[in-house]
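Structure assessment
Spelled out from the first residue to the last, the chains are:
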Amino acid sequence: MKKMLFIFGSLFLISSLSCKKKDTTPTVIPTPGRVFQMDTLRNDSYVDGGSKTFIGGFVAGETAEVQFGPLSNKVTIKKIQFLYGGLASGPVDVVLRIYRYGGTGSPSPIVFSNTYSITPDDNLMQEIDFSGELVQFSVGQSMRISLEKTSSGLPFIARDEDGISAVNGNWIQSGGTWYTSSSLGLAGDFIVRAVVEKEL
């Protein structure tokens, strides 16, 4: 009987040890006093299915740009969205740059630059995923997002049709010089947005 109890006890101990696994789940430690919230920075008033105009007067090398700021919160960019169409075509290249704007006409420095191949669409917003990047702006800084044409004419980005809500929010670069879009007689806000994680 003692022998049987010894065998049973040994088997129970072995079974218990073999079932105990090491917990490899990373421990998440919250940072006290820090709260984050998703937000979309935009100048335009466009809603899906609403009125818009695609801008066809740009030539290769020129850019349309939007500016946000000075920011009241620290933000991390998660996505860039824009409406790009006006002419059905196959994939086209678009050069996306993000600047830290210092308050002069010319934005600098560049904090991000990349070329993307997109398929123009008159109704669906293009979306560039920034989850693998770490592009951040601090309180008081301004962000400028630039989209450069690689060919002339349409397709290109769209603007809304209810006038300009941000006089210093829409810029055009041509021949190495920056102009507000309103100074060149262009009405409406460019439909270019930044989805950000905002630290409250």
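Residues numbered from 1 in each chain as written. Predicted model: local features only at pLDDT ≥ 70, side-chain atom pairs only at ≥ 80, totals over all residues. Heavy atoms only, no water.

Cis geometry marks the peptide bond from Gly69 to Pro70, where omega comes out at 5°. Of the consecutive residues Ser108 and Pro109, the connecting peptide bond is found in the cis state with omega at -5°. Topologically, Pro109 is positioned in the loop between β6 (92–101) and β7 (110–118). (Helix = DSSP H or I, 4+ residues; strand = E, 2+ residues; numbered from the N terminus.)

Here we take up the pairing of β6. With 8 of 10 residues buried, β6 is to be regarded as a mostly interior element. Note: β6 against β7, 8 bridges, orientation antiparallel. Paired with Asp93 across the strands is Ser117, a residue of β7. Across 7 bridges, β6 lies against strand β10 (residues 142–148) in antiparallel orientation. What sits directly across from Tyr101, in β10, is Ser142. (Buried < 20%, exposed > 50% of the residue type's maximum accessible area, 1.4 Å probe, protein only. Pairing = 2+ DSSP bridges.)

This next bit is on the nonpolar core. Ile80, Ile98, Met143, Ile145 and Ile157 are the most contacted members of the largest nonpolar core, which has 33 residues in total. Put simply, the parts of the chain that give this core at least two residues each are β3 (63–68), β4 (74–82), β6, β7, β10, β11 (156–159) and β14 (192–199). Core analysis: the next-biggest nonpolar cluster, separate from the first, contains 5 residues, Tyr46, Phe54, Leu83 and Ile191 among them. (Core = buried A, V, L, I, M, F, W, Y, C linked by side-chain atoms within 4.5 Å.)

If you walk across this open sheet you meet the 6 strands as β7-β6-β10-β3-β12-β13, and the pairing is antiparallel. Where the open sheet ends on each side, the last strands, each with one partner, are β7 and β13 (177–180). Between one strand axis and the next, the sheet turns through 25° on average, direction left out of account. By the bridge criterion, 4 bridges tie strand β12 (residues 170–174) to β13 in an arrangement that is antiparallel. Bridge pairing links Ser174 to Thr177 in β13. (Axes fitted to C-alpha atoms, helices over the stretch in contact; angles between N-to-C directions.)

Reading across from one edge, β2-β11-β5 is the order of the 3 strands in this open sheet, with antiparallel pairing throughout. Each having just a single partner strand, β2 (53–54) and β5 (84–85) make up the two edges of the open sheet. For β5 and β11, the ladder comprises 2 bridges, and the chain directions are antiparallel. Residue pairing across strands places Gly85 opposite Phe156, the latter belonging to β11.

Our next topic: the confidence of the model for the protein chain. For the protein chain, the mean per-residue pLDDT works out to 85, and 82% of the residues sit at or above 70. Below pLDDT 50 for its whole length, residues 1–30 participates in 0 contacts with residues either more than four positions away or in separate chains. (pLDDT = per-residue confidence, 0-100. Contact = heavy atoms within 4.5 Å.)

So, about the pattern of salt bridges. As enumerated under the stated definition, the model contains 7 salt bridges in all. When the shortest N-O distance is used, the salt bridge between Glu199 and Arg34 registers 3.3 Å. Of this pair, Glu199 sits in strand β14 while Arg34 sits in the loop between α1 (2–19) and β1 (36–41), placing them 165 residues apart in sequence. Look at the salt bridges and you will find they share partners, linking Arg42, Asp44 and Arg193 into a network. (Salt bridge = Lys/Arg side-chain N within 4 Å of Asp/Glu carboxyl O.)

With the rule as written, the count across this model stands at 5 aromatic pairs. Pairing Phe82 with Tyr84 gives two aromatic rings, centres 6.2 Å apart and planes at 70°, and the pair type is edge-to-face. On the basis of relative accessible area, Phe82 is assigned to the buried category, the value being 1%. Judged by its relative accessible area of 1%, Tyr84 is buried. Seen in terms of ring centroids, Phe112 and Phe130 are 4.7 Å apart; in terms of plane orientation they differ by 55°. Their pairing is tilted. With Phe112 in strand β7 and Phe130 in the loop between β8 (126–129) and β9 (136–137), this pair connects stretches of sequence that are 18 residues apart. (Phe/Tyr/Trp six-rings, centres within 6.5 Å; stacked < 30°, edge-to-face > 60°.)

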